[in-house]
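Residues per chain are reported as follows:
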Amino acid sequence: MYLKILFIEDDAEDVEILIEKLKEDGFVPQYLQVDTAASFMTALNESWDIVLVDFHIPGMELDATLKTIRKKCGDIPVVLVSGRASEEALAAAMQLGVNDYLLKDNLTRLAPILRRELTEAKLRREGRLAQEKLRYVTHYDALTGLPNDTLLREQLRSMLEDAASEHGKVLLLYVGIRGFKLINNSYGRSVGDVLLKDIAERLTGCLREGDIIARYGGAEFAIVLPDMSRAEDPELIIKRIVSCFSSPFKPLHQEFFVTLNAGVALFPSDTSDADKLISYAEAAMNHAKLLGENQIYRYSAETSAATRQQFAIENSLRSALANNQLFLHYQPKADLANRTIIGMEALLRWHHPSLGLVPPLNFIPIAEQTGLIIPIGEWVLLHACRQNKAWQEMGLPPIVMAVNVSAAQFGHGDLALTVAQVLRETGLESKYLELEITESVLMSNTHTSVKTLSELRLMGVAISIDDFGTGYSGLNYLHRFPISGIKIDQSFIRELNGSLNSEEASIVKAIIELGKSLDRTVIAEGVETQEQLEFLRAHGCQEIQGYYLSHPLSSDHATQFLAGGFPADFFQRMNHHAGQS
């Protein structure tokens, strides 16, 4: 095994002894010995597989040497070689960043240490590369190279914080290209893709320095105009953007005059929240579509029907739990390798006495904003665990019940205690419960998150990151969380077409690679087609759920499903397609 070693050692004879030992153990070492600060700094300009450093080098402080290695060489393995050092001194060196230590009078550990550290360094590099790739494909649009919605939200939040401290204004313009779908369908995707890139370039050229533009998928773009308090009239800026479309586009020798619609929302007069600012501008853009080509509509909260509906839902939600209007559905989860049903996800539903079934997206965010999600979440946890225990008592095969945990629940401070109480009350073993938590919730306070998750994992409760791929502000901290699974957000699966070159395929593959490098189970939600299923299985995704397996089921239908009424058909189809491939 070829090995390039940097020795920080003042005794050449000791170096020769170590080299001979490595050769005996099958290594082919190339090495350099340094014993001064100057030669050490010069050596760091080269790349090394591993560094062996003596405990004491005259004129070189160990603490400073190790810090320099970490700064210049990242996570290269560092092994301390000592002829004389107490256990306390060796422990202190480990805290400074040494990966392991070796005593010069006992070299039997030399080869095992190096092989282990080199293997672990390789895994760290692979994981870091997977993270870097994942961060790029999840923060930039593959077609136009513009930031995507995830990155824009991060940048917008920072801009709003700066504007708030300076009493400034920020304008958000949400732009939709009219008729793009017709062009795409009539002239083909190749023309449509070139047209979108041309539109992105032209829009970017219309902006001022410091403005931000992002692609929001399809033919929609979000533009952030900061410093509006000291800038030119916003109306003039908007007119200049519209005027960019006065001349035709000519993708692949085709000629198109393109029109747009835009919605406008302003910070802080409309809202001080970044997500709301985007949604308000998008809602205004949708209204502008009704007014005709090149129309721009300014958001007005006073006349927003959505705002009034939200207020009505909030009032009704306060009594929904007490009046038994809430209930659960259950969506099955399958293991692709073993082809078995391994779990269910509990999904909250609300039957309003006059509105009928209220979509979860219409009431769960309101419950989170008002704090009602805490008692509602405890109700969901209790009833989901009770149902899982009831299935076990019926003699059905044991499965894991997944329950979503909101930001308010997670930050409430006593989640582990609540879970423990529910498990005691229902008699469900902890290994049959899984909590799904979004990455944004975990990253809001990493120290508290690690503490809470560690308590839950000690109880035996599984933890998975839900909606993975939509945030990624904390990839560098992902390995710190005691989690067992990563759940790919269904928005990536929904558009998956099996092409190795598509943006969705790149994201999904990167997440699967990241999961493997971190030894985490990867789950795909929203699987609806055989093509999606085959793509996921071919690239090593372990678990799936979605309409292709089953829609969410009532408790009675879920019982029938677990008893064998539905899974057989699915796995027969799965086996049939596997036999053809």
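What comes next concerns the included structure. These numbers come from a predicted model, not from an experiment.

The subject of this paragraph is the state of the cysteines. Across all of its chains, the model carries 1 disulfide by this definition. Here Cys 206 is linked by a disulfide to Cys 244, with a sulfur-sulfur distance of 1.3 Å. One quick way to see it: the torsion about the S-S bond of Cys 206 and Cys 244 is about -120°, and its sign makes the bridge left-handed. Note that Cys 206 is positioned in helix α8 (residues 189–206) and Cys 244 in the loop between α9 (234–243) and β9 (260–267), a separation of 38 residues in sequence.

Judged by pairing direction, the sheet is mixed, and its 5 strands sit side by side in the order β7-β8-β6-β9-β10 without closing on themselves. Of all the strands in the sheet, just β7 (212–215) and β10 (295–298) have a single pairing partner and so form its edges. Across the sheet, the mean angle from the axis of one strand to that of its neighbour is 20°, orientation sign disregarded. In this structure, strand β6 (residues 170–177) lies alongside strand β8 (residues 220–225), joined through 6 bridges in antiparallel fashion. Residue Gly 176 lies in a different strand from β8, and its bridge partner there is Glu 220.

Those residues of helix α20 (residues 530–538) lying buried are Gln 530, Gln 532, Leu 533, Phe 535 and Leu 536. Immediately beyond the C-terminal end of α20, within one or two residues, lies Gly 540, with a positive phi of roughly 90°.

The step from Phe 267 to Pro 268 runs through a cis peptide bond, and the omega angle for that step is 5°. Within the fold, Pro 268 resides in the loop between β9 and α10 (274–289). We note that Arg 339 has phi near 55°; this positive angle belongs to a residue other than glycine. Checked against the element boundaries, Arg 339 lands in the loop between β11 (326–335) and β12 (340–352). Overall, the relative accessible area of 28% leaves Arg 339 in the partly exposed class.

Side chains Gly 485 and Lys 487 of strand β17 (residues 485–488) all project onto a buried face; the interleaved residues Ile 486 and Ile 488 project onto the opposite face, where all are buried too. Across 3 bridges, the pairing between strand β16 (residues 462–468) and β17 is parallel. Counted as the bridge partner of Ser 464 is Gly 485 from β17. Taken together, the 4 bridges between β17 and strand β18 (residues 521–524) define a ladder with parallel strand orientation. Across the sheet, Lys 487 pairs through a bridge with Ile 523, a residue of β18.

Applying the stated criterion across every chain, the model contains 24 salt bridges. In this structure, the salt-bridge partner of Asp 275 is Arg 157, at a minimum N-O distance of 3.2 Å. Note that Asp 275 is positioned in helix α10 and Arg 157 in helix α6 (residues 149–165), a separation of 118 residues in sequence. The partly exposed category is assigned to Asp 275, whose relative accessible area is 32%. The partly exposed category is assigned to Arg 157, whose relative accessible area is 39%. Residues Lys 487 and Glu 436 are paired through a salt bridge, measuring 2.8 Å at the closest nitrogen-oxygen approach. With Lys 487 in strand β17 and Glu 436 in strand β15 (residues 433–438), this pair connects stretches of sequence that are 51 residues apart.

Within this structure, the stated rule accounts for 7 aromatic pairs. With centroids separated by 5.8 Å and ring planes inclined at 85°, the aromatic side chains of Phe 7 and Tyr 31 adopt a geometry described as edge-to-face. Of this pair, Phe 7 sits in strand β1 (residues 2–8) while Tyr 31 is found in strand β2 (residues 28–34), placing the two residues 24 residues apart along the sequence. For Tyr 31, a relative accessible area of 33% translates into the label partly exposed. When the ring of Tyr 174 is compared with that of Tyr 216, the centres are 5.5 Å apart and the planes differ by 70°; the resulting orientation is edge-to-face. Here Tyr 174 is found in strand β6, whereas its partner Tyr 216 is found in the loop between β7 and β8, with 42 residues between them in sequence.

Right, let's get into the environment of Cys 206. Classification of Cys 206 by relative accessible area gives buried; the value is 9%. With 38 residues separating them along the chain, Cys 206 and Cys 244 place their C-alpha atoms 6.8 Å apart. The contact partners of Cys 206, leaving out residues within four places of it in the chain, are Arg 240, Ile 241 and Cys 244.

Here we come to the packing of helix α5 (residues 110–139) against helix α19 (residues 503–517). Geometry of a packed helix pair, given as the angle between the helix axes and the separation of the axes. Close contact between α5 and α19 brings their axes to 9 Å; oriented N to C, the two are set at 155°. On the basis of their axis angle, the class for α5 and α19 is roughly antiparallel. The two elements α5 and α19 cross, and the hand of that crossing is left-handed. Only Glu 503, Ser 506, Ile 507, Ala 510, Ile 511, Glu 513, Leu 514 and Ser 517 of α19 make contact with α5, whose side of the interface consists of Gly 127, Ala 130, Gln 131, Lys 133, Leu 134, Val 137 and Thr 138. Of the residues contributing to the contact of α5 with α19, the split by class is 7 nonpolar, 5 polar and 3 charged.

Here we take up α6. Counted at 1.5 Å a residue, the expected span for α6 with its 17 residues is 24 Å, and the 24 Å between its end C-alpha atoms agrees. Buried residues of α6: Thr 150, Leu 151, Leu 152, Leu 156, Met 159, Leu 160 and Ala 163, and no others. Its side-chain oxygen at 3.1 Å from the backbone nitrogen of Thr 150, Asn 148 defines the N-terminal cap of α6. Of the residues trailing α6, His 167 is marked for its positive phi of about 55°.

With that settled, the discussion passes to the sheet that holds β1. Strand order in the open sheet formed by 5 strands is β2-β1-β3-β4-β5, and the pairing between neighbours is parallel. The outermost strands of the open sheet, each flanked by one partner alone, are β2 and β5 (100–103). Pairs of neighbouring strands in the sheet enclose a mean axial angle of 25°, with direction left out of account. As judged from the 4 bridges shared by strand β4 (residues 78–82) and β5, these two strands associate in the parallel manner. The residue bridging Val 81 from the neighbouring strand is Leu 102, located in β5.

Cut-offs and rules
Residues numbered from 1 in each chain as written. Predicted model: local features only at pLDDT ≥ 70, side-chain atom pairs only at ≥ 80, totals over all residues. Heavy atoms only, no water. Disulfide = S-S within 2.5 Å. Helix = DSSP H or I, 4+ residues; strand = E, 2+ residues; numbered from the N terminus. Pairing = 2+ DSSP bridges. Axes fitted to C-alpha atoms, helices over the stretch in contact; angles between N-to-C directions. Buried < 20%, exposed > 50% of the residue type's maximum accessible area, 1.4 Å probe, protein only. Salt bridge = Lys/Arg side-chain N within 4 Å of Asp/Glu carboxyl O. Phe/Tyr/Trp six-rings, centres within 6.5 Å; stacked < 30°, edge-to-face > 60°. Contact = heavy atoms within 4.5 Å. Parallel < 35°, antiparallel > 145°, perpendicular 65-115°, else oblique. Left-handed = near helix turned anticlockwise from the far one by under 90°. Nonpolar A, V, L, I, M, F, W, Y, C, P; charged D, E, K, R; others polar. Expected span 1.5 Å × (residues − 1). Polar contact = N/O pair within 3.5 Å; in protein donor to acceptor, adjacent residues only side chain to side chain.

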